Amino acid sequence: MNKTPAHAQQERPSPADFRFTIAREQNRGAIVGIKTGRKLGRAGTIRTPHGDIQTPAFIPVGTKATVKGLLPQTVRELGGQAVLANAYHLFLQPGSEILDAAGGLSSFMNWHGPTFTDSGGFQVMSLGVGNKKTLSMEAARHDAAEVIAKKKERLAQVDEDGVTFKSFLNGDTHRFTPEVSMRVQHEIGADIIFAFDELTTLMNTRSYQEESVARTARWARRCLDAHAQLTADRPHRPYQALFGVVQGAQYEDLRRGAAAELAAMIGDKHPEQQFDGFGLGGAIEKQKLGEIVGWITDELPANKPRHLLGISEPDDLFLGVAAGADTFDCVAPSRQARGGTMYSRNGRINAKNLIHKTRFEPLESGCDCFTCDNYDAAYLHHLFKAKEMLASTLATIHNERFIVRLVDEIRASIIADDFDELARETLHRYYGAEYTVNVLNKLGL
């Protein structure tokens, strides 16, 4: 007698499989929403089919289904609650169908925990606009030619239906539409996925930002319908939470309008499908980060999580949390580690500097990471100078642990109601008195 397939015995995947609950609203140092009149910062829990995420949380980036240089077990040991992989890169190599056949991202990379994938929109545009597409948080540092290189071959072309782009690996032509992005992300199988959006920079004109926000909204609705259909067609897979991405650059009316529209949006063909959470995307001017994030979260429902894309600097993390962001990701901790830049409570340290050649003590005294517990600064200096692979691994462990631990401390400070004390102490040590006063003012402290 034939046995019933295991997946046939499971209940159909449902949005109810994904939940967010708020444990504590932030009191001191929270940014207050103008529309709601409520303090926006909070601590909570995101529940996914592969486990819970205690928020606020920093999510280490494993672009190609690996956090560079680290075993999945190491990521877990340094405190990582989830990892974020990139749909664009996995689509190109090894192919999303390979991950699907392997049972999804978690199984493929042997990571037994929650996973995210971004939509691929960032890389499709950032790697394909021309010479380069700068997403600096300080627009004044760059000119238009640096952001969109008109005389260079454009590797990506945006139209109403989607984006045609050339692979940065071999030049092959591909096309991403909202429907393709949803299919790719369903095949990759992350717990949290993002709607396909158009990326803009601070250098784009106001009129283009308006066009782009409207186009992203149209794409978002198509993502809802595609997501609902794929969920119904793939009952053997756990439910994947779909986050809509809010764009609008530095313009308050565009950010608020985009957020409000996504918050109320339902699918055309599947009106039962709404967004399960939201990504706060695009270029955000650093000097106004807390303010801009606050505009967005002020318009979003409190009972759904918000992910601030591409943020990891300590001051930005404090401001982002205070403005209502729940999770964060960024490649900077691992990327900078591979170059020898390591974080400490007293600011950044370059492990390659000569001063460390004979420092037979941990790079950062008091750090609880594996690297500082087991190796001294002199050894790290040697590894970098000798160009040994282990240098990148040990430095990445330290940097990822530093940022993960910092956001965990921010969460604990919200629960204990001493966010203000943590912000003052941490920022003063990291940046010094003058800069810290500026950040504290933005936090209302």
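Just above, that's the structure.
Within each chain, residues carry numbers counting from 1 in the order of the written sequence. Owing to the predicted nature of the model, reporting of local features is limited to residues with pLDDT of at least 70; listing and counting of side-chain atom pairs is limited to 80 or more, with chain, interface and lining totals taken over all residues. Computation of side-chain values: all heavy atoms of the structure, hydrogens and water removed.

**Student:** Honestly, the packing of helix 16 (residues 419-431) against helix 17 (residues 433-442) in this entry has me stumped. Any pointers?
**Tutor:** If you want to describe how two helices pack, look at the angle between their axes and the distance between the axes. Axis separation between helix 16 and helix 17 bottoms out at 7 Å; the angle between their running directions is 140 degrees. Here helix 17 runs oblique to helix 16, going by the angle between their axes. Between helix 16 and helix 17 lies a crossing of right-handed hand. Listed contacts from helix 17 to Ala423, Arg424, Leu427, His428 and Tyr431 of helix 16 are Ala433, Tyr435, Thr436, Val439 and Leu440. Think of it as three bins: nonpolar holds Ala, Val, Leu, Ile, Met, Phe, Trp, Tyr, Cys and Pro, charged holds Asp, Glu, Lys and Arg, and polar takes everything else, Gly as well. The class makeup of the residues in the contact of helix 16 with helix 17 is 7 nonpolar, 2 polar and 1 charged. Note on geometry: axes are lines fitted to C-alpha atoms, helical ones only across the stretch in contact, with angles between N-to-C directions running from 0 to 180 degrees. Secondary structure counts use DSSP, requiring at least four H or I residues in a row for a helix and at least two E residues in a row for a strand, with both numbered from the N terminus. Throughout, the term roughly parallel applies to angles under 35 degrees, roughly antiparallel to angles over 145, roughly perpendicular to angles from 65 to 115, and oblique to all others. Should the near helix be turned anticlockwise from the far one by less than a right angle, the crossing is termed left-handed; should it be turned clockwise, right-handed. Contact between two residues is taken to exist if any of their heavy atoms lie within 4.5 Å; hydrogens are not considered.

**Student:** How do you make sense of the pattern of salt bridges when you look at a structure like this?
**Tutor:** When the charged atoms of two side chains lie near each other, side chains of opposite charge can form a pair. Here, a salt bridge means any Lys or Arg side-chain nitrogen found within 4 Å of an Asp or Glu carboxyl oxygen. This structure, assessed with the given rule, holds 28 salt bridges. For Arg256, the salt bridge goes to Asp298, with nearest N and O atoms at 3.1 Å. Residue Arg256 is found in helix 9 (residues 252-264), and its partner Asp298 is found in helix 10 (residues 289-299); the two are separated by 42 residues along the sequence. You'll find Arg256 and Asp298 in the same group, each marked buried. In this structure, Arg424 and Asp420 form a salt bridge, with 3.7 Å as the shortest nitrogen-oxygen distance. With Arg424 and Asp420 both in helix 16 and 4 residues apart, this pair spans about one turn of that helix. Between buried and exposed lies partly exposed: a residue is buried under 20% and exposed over 50% of the maximum accessible area for its type, with that area taken using a 1.4 Å probe on protein chains only. Exposure remark for Arg424: the relative accessible area of 36% places this residue in the partly exposed category. The exposure class of Asp420 is buried, given its relative accessible area of 10%.

Fair warning: the whole summary comes from geometry, so function is off the table for now.
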